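# Notes for the structure review
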Amino acid sequence: MASRSSSLMWFRKGLRIHDNPALEYASKGSKFVYPLFVIDPHYMEPDPNAFSPGSSRAGLNRIRFLLESLVDLDLSLKKLGSRLLILKGDPSEVVVRCLKEWNVNKLCFEYDTDPYYQALDEKVKDYASTAGIEVFSPVSHTLFNPAEVIQKNGGKPPLSYQSFLKVAGQPLWASAPLTISLPLLSPVGDVGSCEISEVPTVEELGYRDCEQDELTPFRGGESEALKRLRESIRDKEWVANFEKPKGDPSAYLKPATTVLSPYLKFGCLSSRYFYQCLIDVYKNVKKHTSPPVSLVGQLMWRDFFYTVAFATPNFDRMKGNRICKQIPWSNDDELLAAWREARTGYPWIDAIMVQLRKWGWMHHLARHCVACFLTRGDLFVHWEKGRDVFERLLIDSDWEINNGNWLWLSCSSFFYQYNRIYSPVSFGKKYDPNGNYIRHFLPVLKDMPKEYIYEPWAAPLSIQTKAKCIIGKDYPKPVVSHDSASKECRRKMGEAYALNQRLNGQVSEDDLKTLR
Ligand code: FAD
């Protein structure tokens with residue numbers, strides 16, 4: 001049995017050494033430190049029925065990214081004289097077992113606002129308090145503590161970005177340097193009868209035939225995150241002039257934004273460290289952009305959605321969500337499948353959906369286009385269905401940010417100008433008139449002349465034949481006509497908004513039926 005001065009560092013997100021207050025606290029004054037990660041079947045178990053490889057909750061790209069992050073964390077811990085302990089099972093049961101078996105007196109883990117972790121954490125904390133184990137669970141995934149911002153705002157979340165900025169102010173920790181490296185860690189003690197394994201491979205997790213023709217180019221882990229951060233901030237002018245809506249969503253060889261989101265999602269990169277690096281750049285340039293469009297502004301969007309999500313019951317659904325407009329969305333599974341499987345017949349939309357499946361990452365405006373198309377722009381399919389597809393396939397899939405942005409894009413909350421619809425033809429053309437992005441992600445259209453690459457159905461048959469792509473055979477015809485579908489969507493949104501206003505948001509299922 002281990003000695004009485006042991007701490008358990010439970011890694012979930014926060015897969016890093018730098019700026020990790022839970023790890024720092026675990027290592028203080030402990031004879032033994034047990035760094036643990038639990039492989040959770042709820043998240044990782046292969047789903048043979050999924051339309052692309054992965055579990056029902058996470059696509060294979062994200063699972064690989066997580067495993068790479070764990071391998072990197074293990075290497076870093078080894079450099080500090082420790083190692084990562086991997087166990088499998090229901091995380092709360094596994095952690096409680098370890099607390100008992102290893103005779104732990106200090107349990108440390110990063111605070112998580114995600115409802116799934118909130119429920120797990122309650123169970124673990126209940127056991128710890130009955131067993132007299134100290135629990136240290138600091139907020140370090142976000143810049144601000146969402147609970148504090150809500151409290152400062154009179155118990156309610158600020159519902160607009162500007163009011164969020166006003167209430168949140170400056171992060172308190174921002175003037176002090178963060179702990180970026182740790183001295184050696186205390187060793188791992190006796191692990192008793194726990195069957196510790198190495199970080200598994202995807203094959204060891206049970207994934208078979210999981211070859212994909214193109215894998216995400218983004219590798220997981222803290223080392224990769226810090227390298228990417230250094231590269232992103234090396235060009236000080238780029239950082240100083242960053243203006244979000246001006247980036248090119250079709251730039252895939254060199255994306256127009258940082259692509260740090262997957263690293264922030266898993267906490268391979270601390271958002272607080274990212275913020276401090278940006279402030280350092282700002283100090284050394286004459287002028288720089290500001291929120292909402294600057295890079296600091298992007299981190300504030302992240303915190304904004306975390307804060308609203310934390311204080312909004314049923315944030316991830318329409319029903320019972322007081323900030324969500326009640327809209328009679330359709331549940332058309334065929335249209336949903338066409339969108340999900342990149343078969344809408346609109347090359348710009350389909351190429352983005354292929355990038356999602358193959359890379360698990362797309363530019364923000366590309367996400368705008370496909371989310372608008374699925375919901376209020378063309379197909380009028382429920383935003384929750386699109387959210388589910390993103391949640392599974394994005395490597396940066398993040399409960400608070402994903403739901404927040406789907407609420408936004410579907411004009412269900414935060415943003416209400418439903419008349420502003422992205423054209424699935426002309427929007428992409430502005431950035432990439434030759435259609436290089438489409439040619440890369442939809443090679444079936446690679447020989448289509450640029451005049452028709454965004455609307456191949458308009459190409460004469462002779463041109464389709466020459467391009468070896470017959471519309472309706474090699475590539476689908478459009479599932480809807482954008483002109484009439486978008487007009488119909490506007491009409492339905494107008495009616496739904498009027499109903500919401502008339503009934504002051506208290507719209508019932510029966511009320512919605514009258515609009516269907
Ligand atoms: P950068 O522009 O370099 O921004 C830096 C960081 O700021 C990002 O990494 C991210 O953490 C944060 N950020 C940027 N834009 C937003 C935003 N609109 N809302 C909140 N935080 C933001 N982002 C996710 O991280 N996970 C998601 O699951 C997710 N789902 C989305 C769903 C939809 C429908 C839409 C429209 C957007 C979604 N986003 C999501 C937000 C945004 O598109 C990505 O954060 C961004 O494109 C990631 O690329 P980047 O790291 O290069 O961003």
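Along each chain, the written sequence defines residue order, and numbers are assigned to residues from 1. Owing to the predicted nature of the model, reporting of local features is limited to residues with pLDDT of at least 70; listing and counting of side-chain atom pairs is limited to 80 or more, with chain, interface and lining totals taken over all residues.

Looking at an unreviewed UniProt entry, one finds the chain named (6-4)DNA photolyase, with Melia azedarach as its source organism.

### Thoughts on the overall build of the chain
The number of helices and strands found in the chain is 22 helices and 5 strands. We compute the radius of gyration over the C-alpha atoms and compare it with the globule rule, which gives 2.2 Å times the number of residues raised to the power 0.38. Taking 516 residues into account, the globule formula puts the C-alpha radius of gyration at 24 Å, and the chain, at 24 Å, falls close to it. Along the three orthogonal principal directions, the C-alpha set of the chain runs to about 80 × 55 × 55 Å. A residue is called partly exposed when the number of other C-beta atoms within 10 Å of its own lies between 12 and 20, exposed at 12 or fewer, and buried at 20 or more, with C-beta atoms placed from the backbone. With 516 residues in all, the chain has 48% of them scored as buried. The contact rule is simple: place each C-beta atom from the backbone, and if two of them lie within 7 Å, those residues are in contact. Counted over contacts in the chain with a minimum sequence separation of 6, partners at least 24 positions apart contribute 77%. Elements are defined by DSSP. Helices are runs of H or I of four residues or more, strands are runs of E of two residues or more, and each kind is numbered from the N terminus.

### Focus: the site of the ligand
Close contacts around the ligand come from 28 residues, with T257, T258, S261, Q298 and N402 the closest. Secondary-structure elements contributing two or more residues to the shell around the ligand are α10 (261-265), α12 (295-310), α15 (364-377) and α17 (399-409). Gly is placed with the polar residues, together with every amino acid not listed as nonpolar (Ala, Val, Leu, Ile, Met, Phe, Trp, Tyr, Cys and Pro) or charged (Asp, Glu, Lys and Arg). By residue class, the composition of the shell around the ligand is 12 nonpolar, 10 polar and 6 charged. What makes a residue near a molecule or strand is its C-beta atom, placed from the backbone, lying within 6 Å of it.

### Description of unusual backbone geometry
Between P291 and P292 the backbone carries a cis peptide bond, its omega angle lying at 10°. For P292, the position within the fold is in the loop between α11 (271-283) and α12. Of note in this structure, F380 is not a glycine but carries a positive phi near 55°. Checked against the element boundaries, F380 lands in the loop between α15 and α16 (383-393). In the Ramachandran plot, F414 falls in the positive-phi region, its phi being about 70° despite a non-glycine side chain.

### Observations concerning the environment of K468
Inspection of the secondary structure assignment puts K468 in the loop between α20 (461-466) and α21 (482-502). Distance from K468 to L159, taken between C-alpha atoms, is 51 Å for residues 309 residues apart in sequence.

### Considerations on the nonpolar core
Only buried residues count toward a nonpolar core: Ala, Val, Leu, Ile, Met, Phe, Trp, Tyr and Cys, linked into one set through C-beta atoms within 7 Å. Ranked by size, the top nonpolar core spans 139 residues in total, and within it L8, M9, Y34, L36, I352 and C369 carry the most contacts. Take this core: its biggest share by element is 10 residues, from α12.

### Structural notes on the sheet that holds strand β3 (residues 85-88)
Strands were regarded as paired on the criterion that DSSP finds at least two bridges between them. Reading across the sheet, the 5 strands line up as β3-β2-β1-β4-β5 and stay open at both edges, with parallel pairing between neighbours. If you trace the sheet from one side to the other, it starts and ends with β3 and β5 (134-136), each paired once. Averaged over all neighbouring strand pairs, the angle between strand axes comes to 25°, with direction disregarded. For helices, the fitted line uses only the C-alpha atoms of the stretch in contact; every axis is such a line through C-alpha atoms, and the angle between N-to-C directions lies from 0 to 180 degrees.

### Concerning α21
Expected span of a helix: the number of residues minus one, times 1.5 Å. Under the 1.5 Å per step criterion, the end-to-end length of α21 is 30 Å for 21 residues, consistent within 8% with the ideal 30 Å. The complete set of buried residues in α21 reads H482, A485, S486, C489, M493 and A496. Along the axis of α21, the buried residues cluster in a sector spanning 90°; they form a single face. Projecting away from the buried face of α21 at angles above 90 degrees are the exposed residues D483, S484, K487, R491, G494, A498 and R502. Tucked inside the fold, the buried residues of α21 contact α15. Of the residues one or two after α21, N504 is the one with positive phi, at around 55°. This arc is taken over the directions from the axis of the helix to the C-beta atoms.

### A short note on the packing of helix α4 (residues 91-101) against helix α5 (residues 115-130)
One can describe the packing of α4 onto α5 by two numbers: an axis separation of 9 Å at closest approach and a directional angle of 20°. In terms of orientation, α4 lies roughly parallel with respect to α5. When you trace α4 past α5, the crossing you get is right-handed. When α4 is examined against α5, the residues P91, S92, V95, V96 and L99 are found in contact with a partner set consisting of L120, K123, V124, Y127 and A128. Roughly parallel means an angle under 35 degrees; roughly antiparallel, over 145; roughly perpendicular, 65 to 115; everything else is oblique. A crossing counts as left-handed when the near helix is turned anticlockwise from the far one by less than a right angle, and as right-handed when that turn is clockwise.

### Considerations on helix α3 (residues 60-79)
With 20 residues, α3 should reach 28 Å at 1.5 Å per residue; the first-to-last C-alpha distance of 29 Å fits that figure. Burial analysis of α3 places 15 of its 20 residues in the buried class, which makes it a mostly covered element. Just downstream of α3, G81 is the residue with a positive phi angle, here 85°.

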